[in-house]
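Coordinate inspection notes
Here's the letter readout for the chains.
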Amino acid sequence: MVKVLLDPSMYHPQMSVAQEVHKAAELGFRYIELSPRADFHEWHHYPKVDRHQIAEVSQAMKDTGVRIWTFNPVFDWSNPDEQERQAQVRNWRRLLEIADALEVPMIATELSGDPNQPRRSESQFYRSVEELIPDFERYGIECTVEAHPYDFAETNERAVQIVRGVDRDWFNYEFCFPHAFHLGGGAPGAPGASVRDMLDYAGDRLRHLHVADVFDHTANVGNRYIVNPPGVDARVHQHNEIGYGEIDWDDAFSALRERDYDGSVSVCVFGWEEDADAINRRMRERILTELGGE
């Protein structure tokens, strides 16, 4: 059964994690995907949560019936610099301890690394995964990974191949809809570039989804977004409510129903804090209408 998760990113500046658990319950969600925040697991930093915060969050989950289903950390485990890679593996090990303490069954993460050093980054990624396999298997925690814009691999096809290379039943692929126009290789209409084609390519490795809408940054000869200076090494995208972008949602949801998708689905709209409650409620209802679940 599909599990619909709230990414509470829009509440991070005002709420503690325990308060976000209560907010999720208020909005009708039964599950959370905890995205990076400075007082818990922060981008590329050692997790700052202590046993008192863990106890507080655990109590909030008991009080509400809401469960943190996934952590969504960003640790640069593919960094070409070996000392930094080792530091990120240390970060991972602490996060897995925290996940175990809170009975979080899945980590949804990114390839990270450097797109300008893809071969070296890929080698570092596999080295980190090999070191962490015993930790994941000791705790019984699953992992899904996506190719985020500006990771060492940025396309759906390549990311799925990298996941297959790990060759563990618990290590699978996450498709992020707001990154779709990057994941398709920036060539709308080309073979394999549609959302349906990308989901088909992922096949049984597809176990997690991030759902938000996005405009096509490649449209209008690439002039929809103007980034200065010309040629700057940057990536653009949004995380909008469904309907405020150019994803073909009718076809995307149809493709998911045809494959009887039963993994987790995270609502990850960012940047609209002034209307966060209403947006998250509408997103949850749309997903439940299209895919069923809880």
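This text gives an overview of the structure that appears in the document. (Residues numbered from 1 in each chain as written. Predicted model: local features only at pLDDT ≥ 70, side-chain atom pairs only at ≥ 80, totals over all residues. Heavy atoms only, no water.)

A short note on helix α1 (residues 17-27)
Stated formally: Relative accessibility under 20% of the residue-type maximum defines a buried residue, over 50% an exposed one, and the middle range a partly exposed one, all with a 1.4 Å probe and only protein chains included. Helical segments are the DSSP runs of H or I of at least four residues, strand segments are the runs of E of at least two, and each set is numbered from the N terminus. Whether two residues are in contact is decided by their heavy atoms: any pair within 4.5 Å suffices.
Those residues of α1 not exposed but buried are V17, A18, E20, V21, K23, A24 and L27. Structurally, α1 contributes buried residues whose contacts are with β1 (3-6), β2 (31-34), α2 (51-64), β3 (67-71) and α9 (276-291). In the stretch just after α1, G28 is the one whose phi turns positive, near 95°.

Considerations on the packing of helix α7 (residues 195-202) against helix α8 (residues 249-258)
For any two helices packed against each other, one specifies the inter-axial angle together with the distance between the axes. We count it as follows: Between N-to-C directions, angles span 0 to 180 degrees; the directions come from axes that are lines fitted to C-alpha atoms, helices contributing only their stretch in contact. Here the word oblique covers every angle except those under 35 degrees (roughly parallel), over 145 (roughly antiparallel) and from 65 to 115 (roughly perpendicular). Left-handed describes a crossing whose near helix is turned anticlockwise from the far helix by less than a right angle; the clockwise case is right-handed. Ten residues, namely Ala, Val, Leu, Ile, Met, Phe, Trp, Tyr, Cys and Pro, are considered nonpolar, four, namely Asp, Glu, Lys and Arg, are considered charged, and the remaining ones, Gly among them, are considered polar.
Orientation of α7 relative to α8, taken along the N-to-C sense of each, is 25°, at an axis distance of 9 Å. Here α7 is positioned roughly parallel relative to α8, judged by the angle of their axes. Where α7 crosses over α8, the two elements pack in a sense that is right-handed. Listed contacts from α8 to V195, R196 and L199 of α7 are D251, A252, S254, A255, L256 and E258. A per-class count over the contact of α7 with α8 returns five nonpolar, one polar and three charged.

Some points on the sheet that holds strand β5 (residues 142-146)
Paired through their backbone hydrogen bonds, the strands of a sheet run either parallel or antiparallel. Quick reminder of the rule: DSSP calls a pair of strands paired once it identifies at least 2 bridges connecting them.
Strand order in this closed barrel of eight strands is β1-β2-β3-β4-β5-β6-β7-β8, and the pairing throughout is parallel. Across the sheet, the mean angle separating the axes of adjacent strands is 30° when strand polarity is ignored. Across three bridges, the pairing between β5 and strand β6 (residues 171-176) is parallel. Paired with V145 across the two strands is Y173, which belongs to β6. Across the sheet, helix α3 (residues 82-101) touches β3 and β4 (106-110), and the angle it forms with β4 is around 150°.

A short note on unusual backbone geometry
A positive phi angle, close to 65°, is found at H44, a residue other than glycine. Even without a glycine there, the phi angle at S112 is positive, about 60°. Structurally, the position occupied by S112 is in the loop between β4 and α4 (118-139).

Structural notes on the nonpolar core
Quick reminder of the rule: Put simply, buried Ala, Val, Leu, Ile, Met, Phe, Trp, Tyr and Cys residues joined by side-chain atoms within 4.5 Å make one nonpolar core.
Grouped together as the largest cluster of nonpolar side chains are 86 residues, with contacts concentrated most on F71, F175 and F177. Those residues within four positions of F175 in sequence are excluded, and the remaining contacts are N156, A180, L183, V195, M198, L199, L206, H208, L209 and H210.

Let's talk about the pattern of salt bridges
Note the cut-off: By definition, a salt bridge exists where a carboxyl oxygen of Asp or Glu is found within 4 Å of a side-chain nitrogen of Lys or Arg.
Considering all chains together, one arrives at 24 salt bridges under this definition. Close ionic contact of E97 with R94 constitutes a salt bridge, the shortest N to O distance being 3.0 Å. Residue E97 and its partner R94 are located together in helix α3, separated by three residues, close to a single helical turn. Its salt-bridge partner being R196, residue E258 comes within 2.8 Å of it at the nearest N-O pair. Placement of E258 in helix α8 and of R196 in helix α7 is noted, with a sequence separation of 62 residues between them. Relative accessible area serves as the criterion here: at 53%, E258 is assigned to the exposed category. Owing to a relative accessible area of 21%, R196 belongs among the partly exposed residues under this scheme. Sharing partners across several salt bridges, the network here consists of E82, R85, R127 and E131.

With respect to the environment of N116
How we decide: N or O atoms closer than or at 3.5 Å make up a polar contact, with two conditions inside protein: a donor-capable atom paired with an acceptor-capable one, and, for residues adjacent in sequence, both atoms drawn from side chains.
If you trace the backbone, N116 turns up in the loop between β4 and α4. Through-space distance from the C-alpha of N116 to that of F29 is 40 Å; in sequence the pair is 87 residues apart. With sequence-adjacent residues up to four places away left out, N116 is seen in contact with Y150 and D233. A distance of 3.4 Å separates a polar atom in the side chain of N116 from a polar atom in the side chain of Y150. A polar contact is formed between the side chain of N116 and the side chain of D233, at a distance of 3.1 Å.

Thoughts on the environment of K48
Within the secondary structure, K48 is located in the loop between β2 and α2. Judged by relative accessible area, K48 falls into the partly exposed class, the value being 44%. In sequence terms K48 and R94 are 46 residues apart; their C-alpha atoms lie 9.6 Å from each other. Once residues lying within four places of it in the same chain are set aside, the contact partners of K48 are A38, D39, F40, E42 and Q53.

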